[in-house]
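Here is what each chain is made of, one letter per residue.
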Amino acid sequence: MGEVGAPALQYQEHVNPQWVRLLDALEMNVRYVKCAGAELYAADGRRFLDFLSGYCVHNTGHNHPAIVSALQRELDRQGPAMLQSHVSELAGELAERLCRLAGGRLNKVFFCSSGSEGVEAAIKFARAHTGRNGLVYASGAFHGLTCGALSLMDDPFWRAGFGPLLADTEAVPFGDLVALERALRSRTIGAFIVEPVQSEAGICLPPAGYLEAAQAACRKYGTLFVLDEVQTGMFRTGRFLAAHHYGLDPDIVILAKALSGGLVPSGAVLISNNVYDSVYSSLKRAIVHTSTFGENNLAMRAGLATLDVLERENLGARAVSMGDVLRTRLREAVSGYEMVQEIRGVGLLNGIVFTAPRKLSLRAPFEAFRKIHPAMFGQLVVMRLFRDHGILTQICGNNFMVLKAAPPLIVDAGHIDEFVGAMTAVADLMHTSASFWTEALGLARRVVNF
Ligand SMILES: Cc1ncc(COP(=O)(O)O)c(C=O)c1O
């Protein structure tokens, strides 16, 4: 259980008491006192290994010293941090580097402060450029929880109770070109917005040729091809953009999360000149879409320092090699267990896919707990990894049967060994020990009132 000191009580009272209750129920309410690289240190002396990276925020590891010191120097400089009435040199420098790394037709950047805000901008830009309101997205997507971004997510859990969202949005199954083409044929669709690798949907890799053909279909029907690389970008999958694995040339790419070293909120929407010109089309429209904090110096400095680290430490290549080691080792260790269906991923964005057991002795408790809550099984795995083995990870937000393995890109072979050892122990326990399932009862009792 969490220590309920004064600050924790204040949080409970004034921020989000249900979040505190949930962390308590999962025995994950830990007070962290220091985070460095891939490791987290708690006030009670425990040390955890981070295999979640704040949902792909910490590609450069926690509190990378080079990024921290760049930020300290930026503060000491006392420059125009948020003047709003000047030309931000740092924004120019960061935009130039992002466009160079992204390549293709991406030549302008709109800066904002979150992934959702980037998706909102992409929606507006696509509508302004095409004069069409329609938006198509892939089922199971996660694009953010503001009203526009949420309109591009079909999971009812996120939408329920929040009233009517944007009209003219339509989901098509990820990987289904026929459905996509059917939707685009109306020529009323401004943008097809898709994660190149769907993360919260369960680390879903695109079928061979899908994204290339989707892009071609978009071009054919005058629809913008928009990639949400909020999780997949910044070398998470091994390349600067996941788009680069498939030779794509998108009209718009959205980046956030790892963009600024996990220290300052920041998002960037990379856009082509012709889309840009449709929005900022005259002097009168020079600030027709802006965001107060977008180009702030701390975020821009963090972005520049983050790119320096990613490039200097060759973290893209490291994501590829460590990702290969991780998947190979995991497959060797756990694919023999009947509840482990698949290990999949690219670079250091990976998922362990579980499936319902066939054996009756396992099937009965599994189904019972699934009835209580579909996420119960996955949370048990998460809880065991955390409490018994000091590993922090989570299940995917829109697919509770997939556990994420997405550590900071600076992980080493020792960290991978530690994760694989822990995962093997938990997989073994769930297949062989009644205590895994009886423990679930305790969790069920704790969460029953949620
Ligand atoms: C793929 C993707 N897009 C957009 C978002 C929204 O980003 P934010 O939470 O910064 O608004 C997320 C958040 O998890 C995401 O995973």
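Let me sum up the structure you'll find in this document. (Residues numbered from 1 in each chain as written. Predicted model: local features only at pLDDT ≥ 70, side-chain atom pairs only at ≥ 80, totals over all residues. Heavy atoms only, no water.)

## Overview of the layout of surface pockets
The volume enclosed by the second largest pocket comes to roughly 740 Å³. Looking at the second largest pocket, it is lined by 30 residues, and the ones nearest its centre are H86, A91, F110, T290 and E295. Contributions of two or more residues to the lining of the second largest pocket are made by α5 (89-102) and β4 (106-112). Counting residues per element, the lining of the second largest pocket draws most heavily on β4, at five residues. When grouped by side-chain class, the residues that make up the lining of the second largest pocket number 16 nonpolar, 12 polar and two charged. (1 Å grid on protein atoms, 1.4 Å probe; cavity = no way out; pocket = protein on both sides within 12 Å on 5 of 7 lines; lining within 4 Å. Points joined across faces, edges and corners; volume = space filled by probe spheres on them. Helix = DSSP H or I, 4+ residues; strand = E, 2+ residues; numbered from the N terminus. Nonpolar A, V, L, I, M, F, W, Y, C, P; charged D, E, K, R; others polar.)

## Regarding the pattern of salt bridges
Under the criterion given, the structure shown has 21 salt bridges. Of the charged contacts in the structure, one is a salt bridge between R370 and E367, with a shortest N-O distance of 3.3 Å. On the criterion of helical spacing, the pair formed by R370 and E367 is a turn pair, its members being three residues apart in helix α14 (residues 360-372). When its relative accessible area of 34% is taken as the criterion, R370 is described as partly exposed. One salt bridge connects D388 with R387, and the closest N-O pair in it is separated by 2.9 Å. Using a relative accessible area of 36% as the deciding quantity, one classes D388 as partly exposed. A residue is classified by how much of its surface remains accessible, and R387, at 26% relative accessible area, is partly exposed. (Salt bridge = Lys/Arg side-chain N within 4 Å of Asp/Glu carboxyl O. Buried < 20%, exposed > 50% of the residue type's maximum accessible area, 1.4 Å probe, protein only.)

## Focus on a nonpolar patch on the surface
A surface patch of nonpolar side chains, about 360 Å² in accessible area, is lined by Y11, V15, W19 and L22. You can see W19 is positioned in helix α2 (residues 17-25). (Patch = residues over 30% accessible without salt bridge, like charges linked within 9 Å, V, L, I, M, F, W, Y side chains within 5 Å. Areas by Shrake-Rupley, 256 points an atom, 1.4 Å probe, with all protein chains shown as cover.)

## Points about the sheet that holds strand β1 (residues 32-36)
If you trace the four strands from one edge of the open sheet to the other, you get β1-β2-β3-β13, paired in mixed fashion. Each edge of the open sheet carries a strand with a single partner, namely β1 and β13 (391-392). Pairing of strand β3 (residues 47-50) with β13, which is carried by two bridges, proceeds in the parallel orientation. Within β13, the position partnered with L49 by the bridge is I391. Docked against the sheet, helix α16 (residues 413-432) engages β2 (39-42), β3 and β13, running at close to 100° with respect to β3. (Pairing = 2+ DSSP bridges. Contact = heavy atoms within 4.5 Å. Axes fitted to C-alpha atoms, helices over the stretch in contact; angles between N-to-C directions.)

## A look at the environment of M234
Relative to the assigned elements, M234 resides in the loop between β8 (224-228) and β9 (252-255). With relative accessibility at 1%, the residue M234 sits in the buried group. For the pair M234 and G316, spaced 82 residues apart in sequence, the C-alpha to C-alpha distance is 8.3 Å. When neighbours within four sequence positions are excluded, M234 is seen to be in contact with N59, F240, L255, A258, L259, T306, L307, L310 and L409.

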